[in-house]
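What follows is each chain in one-letter form.
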Amino acid sequence: MKTILLPTDFSDNSWNAIKYAIDFFKESSCMFYILHVNKLSNLVAIDKPYIIDQNIIEETFVKPAEVKLKSIISKIHSLPLNKKHQFFTLTDHNLFIDSIRQHVTDLNVDVIVMGTKGAEGLKKLIVGSNTADVITKVKCTTLAVPENAKYVPPKEIAFPTDFSMEHPSQTLGGLSEVILSKNAAIRFLHISKKKDPVLNDNQEHNKVILANYFKDFEHSFHFLKSDHIEEAVQCFTDSRAIDMIIMVAKNQNYFQRILFRPKVETISYHTDIPFLVIHE
């Protein structure tokens, strides 16, 4: 049975992620934990620093959150559900990332599913700050569901890679599990500034490992030339009708260039294509 953690701030965006998670895991036995975290900064704002009255916390934050969580459970039970799905609610008052880490450990969480909405204003981000922090600071596979993403069974999955790392079988197993469960094709995407990139021995070795591991799955390798990696990903997702992008968190420099670029005016994949970031 899988354990899925669903952080929520009660926004439409987080509700969309909850629905997506239920559909994505509709064939699996799952325990879903819906978690709302009251930030410590909100708590100290109403009282003297370091002196937080437990009754105030209970009345001002915990009870209202529990009411909203019950409302979410009611909405969930109005959906068509797998009888093998169980739902639980959690509230916490802590630093957000500390709370997520603790629950991942305590519950032995398999996947975190979060809604994500790009930040607005001058510092535009493809992924909002909370989701970005979870992806980079919590060692748990995370599915980031953009604000406009609607669930369709993913049939075309993109895996951007520079072939610089050899992934352990556990990581590749997580990827193959998704492909097998959705009967999907995996498209490995290499982006280079050179028109005809020449892989070094290490890159060629890692490419061969991928080819061998996924030989029984529909897969292909694609090479694009671009000075801007996010523009190449946009072009590829459009041309291949990509339903999901999967990356490995260990290669932070690479996936951060795709997920956390500050300029997104011409990029739209971040608004409708889910990202699954696998932690090794």
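Residues numbered from 1 in each chain as written. Predicted model: local features only at pLDDT ≥ 70, side-chain atom pairs only at ≥ 80, totals over all residues. Heavy atoms only, no water.

Asker: Just give me the short version of helix α8 (residues 229-240), but keep the residues and values in it.
Answerer: Given a rise of 1.5 Å per residue, twelve residues ought to cover 16 Å, and the 16 Å separating the end C-alpha atoms of α8 matches this to within 8%. Those residues of α8 that sit buried are Ile229, Glu230, Ala232, Val233, Gln234, Phe236 and Thr237. Residue Ala241 follows α8 closely and has a positive phi angle near 55 degrees. (Helix = DSSP H or I, 4+ residues; strand = E, 2+ residues; numbered from the N terminus. Expected span 1.5 Å × (residues − 1). Buried < 20%, exposed > 50% of the residue type's maximum accessible area, 1.4 Å probe, protein only.)

Asker: Can you explain the pattern of salt bridges? Please cite residues and give values.
Answerer: Proximity of charged atoms lets side chains of opposite charge pair with each other. Under the criterion given, the structure shown has six salt bridges. For Asp98, the salt bridge goes to Arg101, with nearest N and O atoms at 3.7 Å. With Asp98 and Arg101 both in helix α4 (residues 96-107) and three residues apart, this pair spans about one turn of that helix. It is possible to trace a salt-bridge network through shared partners that takes in Glu156, Arg187, Glu218 and Arg240. (Salt bridge = Lys/Arg side-chain N within 4 Å of Asp/Glu carboxyl O.)

Asker: I'd like a rundown of helix α1 (residues 12-24), residues and numbers included.
Answerer: An ideal rise of 1.5 Å per residue puts 18 Å on 13 residues; α1 measures up with 18 Å between its terminal C-alpha atoms. Counting buried residues in α1 gives ten out of 13 residues, a clear majority hidden from the surface. When α1 is considered as a whole, its buried residues turn out to be Asn13, Ser14, Trp15, Asn16, Ala17, Ile18, Tyr20, Ala21, Ile22 and Phe24.

Asker: Describe in detail the sheet that holds strand β1 (residues 2-7), supporting the description with residues and values.
Answerer: One open sheet holds the ten strands; their spatial order is β3-β2-β1-β4-β5-β10-β9-β6-β7-β8, and the pairing between them is mixed. Of all the strands in the sheet, just β3 (85-93) and β8 (219-225) have a single pairing partner and so form its edges. The average undirected angle you get between the axes of adjacent strands in this sheet is 25 degrees. In terms of strand pairing, strand β4 (residues 111-116) meets strand β5 (residues 141-146) through six bridges, oriented parallel. Directly across from Gly115, in β5, lies its bridge partner Val145. (Pairing = 2+ DSSP bridges. Axes fitted to C-alpha atoms, helices over the stretch in contact; angles between N-to-C directions.)

Asker: So what's going on with the confidence of the model for the protein? Residues and values would help.
Answerer: Per-residue confidence for the protein gives a mean pLDDT of 85; residues scoring 70 or more make up 83%. When mean pLDDT is taken per element in the protein, β1 scores highest with 97 and helix α2 (residues 40-44) scores lowest with 53. In this model residues 119-126 is a low-confidence stretch, pLDDT under 50, and it forms 18 contacts with partners more than four residues away in sequence or in other chains. (pLDDT = per-residue confidence, 0-100. Contact = heavy atoms within 4.5 Å.)

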